[in-house]
Amino acid sequence: MRFRGETSRLIRIRAVRLLAACMLLPLASNPATAQRPAAPQRPPTARAQPAVGGTIETIKIEGNERIETGTVQSYMLVQPGDPFDADRLDRSLKTLYATGLFQDVRLTRDGNTLVVRVIENPIVNRVAFEGNHKLSDDQLRPEMQLRPRAVFTPALADADRQHILDLYAKRGYYDATVNPQIIRLPQNRVDVVFEVNDGPSTLISSIAVVGNKAFSEDRLSEVINSREERWWRFLSTSDQYDPERLNFDKELLRRFYLKSGYVDFQVVDAKAELSPDRKSFFLTFTVNEGERYHVGKVAITSQLRNLNGDDLRKDLQFSPGDWYDGDAVGRTADAIEEDVHNRGYAFVDVKPRADRNPAKRIVDLTYEVGEGPRVYVERIDISGNTRTKDKVIRREFRLAEGDAFNAEAVRRSRQRLTDLGYFTNVDINTAPGSAPDKAILTTSVSEKATGELTLGGGFSTDAGALLDVGLAERNLVGTGINASINGVLAQKRSSINLSVTDPYFLDRNLVAGADVFLIQTSNLGTEVYDERREGFSLRLGYEFNEHLRQVWSYSLVNRDVYNIYSGASFFIQDEAGTTLLSQVSQVLTLDYRDSKTNPHSGYLVELGTDVAGLGGDVDFIRNNVNGAYYLPLDRLTGSSDWGLKFAAGAGYLYNEGKQERVIDRFFLGGDNLRGFETGGAGPHAVQGGDPLGGRFIWTGTTELRFPLPVSADLGLSGRTFVDVGGLTQSSFESGTCARNVADPGVCPAISSSSAPRVGAGVGISWQTSFGLINVDLTPFVIKQSQDQTQIFRFGFGTRF
């Protein structure tokens with residue numbers, strides 16, 4: 001190892017072993033590291049030459065500067081009064097070296113005095129890194145064994161060097177080099193500087209599969225996580241070699257073949273070869289597919305009292321005669337277990353047993369339902385939450401310490417923690433407790449940044465070109481409180497909003513929040529006026545159970561309709577001026593979706609009510625109901641990327657007698673009916689063609705979601721949809737018509753039709769690191785006269 005400021009000299013530590021004759025024997029050096037040979041080091045040696053015989057009268061320590069004399073003597077196996085014994089002196093020498101405090105030790109005899117001469121190892125003054133770009137100092141420093149004020153040894157320096165190489169290898173940089181430099185300082189101190197050369201990223205240049213017959217190499221390459229190097233993967237790490245990912249790829253292949261009916265599938269070998277220039281990897285998977293099996297007989301046996309196995313057949317995710325599906329077998333076991341739990345059985349054990357018949361290529365399945373072991377949750381341990389408070393995590397658990405262990409409750413707890421959006425990864429593992437009937441739930445989370453200082457830009461059909469500036473924190477000081485201030489400056493719709501939401505107000509089952517907002521909308525295009533809204537709202541909600549919740553809110557909003565086009569209809573002219581809205585609202589939600597953020601199965605039903613008239617200038621009751629059902633197509637397509645969504649909604653506005661306002665009505669088009677401009681479908685004034693909205697609205701949507709034939713790394717997904725809707729009851733009361741100055745008491749003509757409007761088309765979503773891009777093309781529409789269509793709909797927003 002080289003030293004700066006001195007000639008290149010090697011540290012030589014000499015060790016003496018007392019044998020029958022005092023001879024010097026070298027100690028073997030450490031083997032070369034697997035990644036790259038370490039810098040050559042001379043083997044340490046030591047010297048001990050006291051003659052044997054006689055008694056030790058005194059022990060004299062020489063050369064120690066930092067280490068106390070008593071400390072040195074405490075490591076020795078001889079003390080004054082002991083004989084000069086060769087074996088005990090040899091073991092004393094080895095013990096002193098084993099401390100790691102000394103680079104040289106000599107034992108000599110001066111009469112009856114044992115002289116111990118030591119040269120202390122230097123002390124680390126500081127540890128520094130140079131040339132490292134892919135890993136920061138803050139990432140490397142905690143991984144080092146050498147630390148300031150620690151004892152320096154060449155072995156520790158080499159171990160740290162190898163560890164840095166391992167860290168770079170995990171990032172895909174196998175061509176990195178690390179050279180530790182030792183700088184001598186006064187008072188036997190050293191600076192340790194690791195000179196790092198990141199080198200180029202070592203990417204995967206080729207992935208090959210050998211032995212596959214049923215599926216092509218291209219199809220199997222989509223199953224695994226590792227990817228070949230491509231230019232568009234600069235934002236991904238999937239094209240970097242990772243040994244852990246390679247093992248996961250083997251498991252993904254196994255699951256895929258089991259899902260497709262290949263019960264005997266095996267990954268014979270998975271090999272990663274580094275190219276001679278150390279700049280790329282070649283991955284080769286050798287597989288043995290075996291034969292494909294059908295499902296034979298399916299039986300469910302129950303050992304529980306008052307429970308017949310046939311009552312659980314509705315939980316089956318497959319039918320006899322289907323191709324065997326390993327995932328469906330597991331999902332069925334989970335569904336049966338959840339069903340039995342819901343019937344009041346606390347301890348349930350569901351064991352699927354598969355009996356293969358290679359001759360007929362069928363698998364007979366038997367689900368054995370019995371009483372599981374009586375296991376209770378002893379403790380819930382949480383780790384990895386350096387910022388989020390424990391109580392924020394614990395309150396999402398569907399079981400508590402002391403409860404009966406329930407695998408389904410653990411799964412739901414994991415999903416709830418994932419849906420919070422605070423963590424990149426959530427793992428809940430079970431470990432044995434202090435007794436056979438107790439279990440410990442170990443929860444490990446990896447936190448992600450929840451604060452956002454955003455500056456975004458983009459374009460949407462509704463708002464036009466926009467600039468978005470905001471400051472938000474979804475997990476304020478680790479309490480789970482969501483606070484934000486956001487401003488949008490756009491061509492058609494600008495706003496500023498301040499919002500605070502506490503999901504567990506007063507540590508109770510209460511969601512409390514408040515909003516202060518200013519919204520300015522330019523409706524020119526579908527409407528011939530501008531509108532400004534300013535006000536606040538207060539919210540309070542609670543959960544009846546895991547699936548049913550309700551939120552109440554109160555809003556006080558000042559609305560101003562201005563800048564009305566001179567050629568606008570009488571109904572729009574009559575809206576001019578300000579009105580005060582005082583409104584109480586509630587939303588009752590029944591949510592059985594598998595995920596709130598990315599639903600794939602389940603359903604959602606919402607019932608909303610707005611009551612205006614507790615003060616203010618308007619008086620109405622507005623009801624609406626909306627629902628969505630998600631149908632996975634995994635069984636038909638073999639992929640979870642396929643799915644159907646059915647959605648429907650209806651609403652009715654009942655005016656309580658005060659002047660009815662157009663701006664309080666329902667409008668159809670845009671987000672709730674693609675193919676039409678926002679508010680562009682439904683009743684219109686014959687004069688000017690202005691949209692007037694309606695008191696009754698209904699909508700329906702059928703959407704098929706599917707993957708596109710491109711790499712999944714691009715984040716592209718497709719959809720095809722059919723939207724249908726109607727908007728009616730657009731007439732105005734006589735009081736409104738009495739204000740018609742041009743023709744007193746006469747209501748101008750309104751073009752209205754109860755016929756359904758239909759929009760059908762296709763769309764693409766692109767999830768990028770800069771935001772979500774949605775593009776919808778709706779060339780097929782069924783419309784009525786004066787409806788305003790919109791074939792192309794585009795939305796983009798970015799935050800950085």
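Conventions we followed
- Every chain is numbered independently, its residues counted from 1 as its sequence is written.
- Under the rules for a predicted model, residues below a pLDDT of 70 receive no local features and side-chain atom pairs below 80 are neither given nor counted, while totals for whole chains, interfaces and linings still include all residues.
- Processing note: side-chain calculations cover all non-hydrogen atoms of the structure and skip hydrogens and water entirely.
- Secondary structure follows DSSP: runs of H or I at least 4 residues long count as helices, runs of E at least 2 residues long count as strands, and numbering of each begins at the N terminus.
- Each residue is assigned to one of three classes by its accessible area relative to the maximum for its type, calculated with a 1.4 Å probe on protein chains only: buried under 20%, partly exposed between the two thresholds, exposed over 50%.
- Residues are treated as being in contact if the distance between any of their heavy atoms lies within 4.5 Å.
- Areas reported here follow the Shrake-Rupley algorithm with a probe of radius 1.4 Å; residue values treat only the protein chains shown as occluding.
- Two rings belonging to Phe, Tyr or Trp (six-membered ring only in the last case) form a pair when the distance between their centres is within 6.5 Å. Interplanar angles under 30 degrees mark stacking, angles over 60 mark edge-to-face geometry, and anything in between is tilted.
- In short, DSSP must find at least two bridges between two strands for them to pair.
- Helix axes are fitted to C-alpha atoms over the stretch in contact, other axes to C-alpha atoms as well, and angles between N-to-C directions run from 0 to 180 degrees.
- Should a side-chain nitrogen of Lys or Arg be within 4 Å of a carboxyl oxygen of Asp or Glu, the pair is scored as a salt bridge.
- Patch building starts from residues that exceed 30% relative accessible area and form no salt bridge, then joins like charges within 9 Å and nonpolar side chains (Val, Leu, Ile, Met, Phe, Trp, Tyr) within 5 Å.
- Helix span is expected to be 1.5 Å times the residue number reduced by one.
- Space inside and on the surface of the protein is sampled on a 1 Å grid over the protein atoms alone, with a cavity defined as a set of points where a 1.4 Å probe fits but cannot get out and a pocket as an open set with protein on both sides within 12 Å along at least 5 of 7 lines; lining residues have an atom within 4 Å of a point.
- Grid points are joined across faces, edges and corners, and a volume is the space filled by probe spheres set on the points.
- In this count, Pro and Cys sit with the nonpolar residues alongside Ala, Val, Leu, Ile, Met, Phe, Trp and Tyr, while Asp, Glu, Lys and Arg are called charged and the others, Gly among them, polar.
- The charge count includes Lys and Arg as positive and Asp and Glu as negative, but it does not include His or the ends of the chains.

So, on to the overall build of the protein. Scanning the protein from N- to C-terminus turns up 12 helices and 35 strands. Of all 800 residues assigned to the protein, the portion counted as buried reaches 42%. Sequence separation of 24 or more characterises 61% of the internal contacts of the protein that already satisfy a separation of 6 or more. Here the protein has roughly 39700 Å² of accessible surface; of this, 54% comes from carbon and sulfur atoms.

This part is about the packing of aromatic side chains. Going through the model one piece at a time under the given rule, you end up with 18 aromatic pairs. Seen from their ring centres, tyrosine 257 and phenylalanine 265 are 4.1 Å apart, and the 5° between their planes marks the pair as stacked. No difference in accessibility class separates tyrosine 257 from phenylalanine 265, as the two residues are buried. Consider the rings of tyrosine 542 and phenylalanine 544, whose centres lie 5.3 Å apart with planes at 85°: the pair is edge-to-face. On the basis of relative accessible area, tyrosine 542 is assigned to the partly exposed category, the value being 25%. Judged by its relative accessible area of 48%, phenylalanine 544 is partly exposed.

A word on the sheet that holds strand E9 (residues 203-210). Here we have 3 strands laid out as an open sheet, ordered E9-E11-E10, and mixed in their pairing. Lying at the two open borders of the sheet, with one neighbouring strand each, are E9 and strand E10 (266-274). On average, adjacent strands in this sheet sit at an angle of 15° to one another, irrespective of strand direction. Sheet topology places E10 next to strand E11 (residues 280-288); 8 bridges connect them, and they run antiparallel. When the sheet's bridge partners are listed, glutamate 273 is paired in E11 with phenylalanine 282.

Time to look at unusual backbone geometry. For asparagine 306, which is not glycine, the phi torsion reads 60° and is therefore positive. By secondary structure assignment, the location of asparagine 306 is in the loop between strand E12 (294-302) and helix H7 (326-342). Judged by relative accessible area, asparagine 306 falls into the exposed class, the value being 77%. Here asparagine 563, not a glycine, exhibits a phi torsion of approximately 55°, which is positive. Looking at the element boundaries, asparagine 563 is found in the loop between strand E24 (548-562) and helix H10 (570-573).

A few words on the pattern of salt bridges. Under the criterion given, the structure shown has 49 salt bridges. Residue arginine 88 pairs with aspartate 82 through a salt bridge whose shortest N-O separation is 3.2 Å. You can call aspartate 82 buried: its relative accessible area is 19%. Between arginine 412 and glutamate 546 there is a salt bridge whose closest N-O contact spans 2.8 Å. Taken together, the residues arginine 412 in helix H9 (residues 407-420) and glutamate 546 in the loop between strand E23 (530-543) and E24 connect sequence positions 134 residues apart. For glutamate 546, a relative accessible area of 21% translates into the label partly exposed. Residues joined by salt bridges that share partners form a network here, namely Lys314, Asp315, Asp339 and Arg343.

Side chains of Leu471, Ile485, Ile496, Leu498, Val516, Leu518, Phe536 and Leu538 sit close together on the surface and give an oily, nonpolar patch of about 660 Å² of accessible area. At the level of elements, strand E21 (493-502), strand E22 (511-522) and E23 are the ones that each hand at least two residues to the nonpolar patch. The residue leucine 518 is located in strand E22 in this model.

A few words now on H9. Compared with an ideal rise of 1.5 Å per residue, which puts 14 residues at 20 Å, H9 spans 20 Å between its outermost C-alpha atoms and is within 8% of the ideal. Where the residues of H9 are buried, they touch H7, helix H8 (390-394), strand E16 (423-432), strand E17 (438-447) and E23. Taken from the residues just after H9, glycine 421 is the one with a positive phi, measuring 80°.

The next subject is the sheet that holds E16. Spatially, the 3 strands line up as an open sheet ordered E15-E17-E16, and their pairing is mixed. Because the sheet does not close on itself, it has two edges, and the strands there are strand E15 (376-383) and E16. Each neighbouring strand pair of the sheet contributes to a mean axis angle of 20°, computed without reference to strand direction. Bridging between E15 and E17 involves 7 bridges; their strand directions are parallel. Among the inter-strand pairings, valine 377 is bridged to a residue of E17, identified as alanine 439. Against the sheet, H9 touches E16 and E17, its axis set at about 160° to E16.

This part is about the environment of arginine 414. Note on placement: arginine 414 falls in helix H9. You can call arginine 414 partly exposed: its relative accessible area is 28%. When sequence neighbours within four positions are dropped, the list of residues in contact with arginine 414 reads Val426 and Ile428.

Moving on, we come to empty space enclosed by the protein. Under the counting rule described, the total for this entry stands at 2 cavities of 30 Å³ or more. One number sums up the size of the largest cavity: a volume of about 50 Å³. Lining the largest cavity are Val618, Asp619, Phe620, Leu653, Asn655, Gln659, Glu660, Arg661 and Asp664. When the residues that make up the lining of the largest cavity are grouped by side-chain class, the tally is 3 nonpolar, 2 polar and 4 charged.

Take the side chain of aspartate 634 next. Take aspartate 634: it is sitting in helix H11 (residues 634-637). One buried charged side chain, aspartate 634, makes no salt bridge at all; its nearest oppositely charged neighbour is arginine 331, positioned 4.8 Å away. Those residues in contact with aspartate 634 that lie beyond four places of it in its chain are Lys259, His600, Ser639, Ser640 and Trp642.

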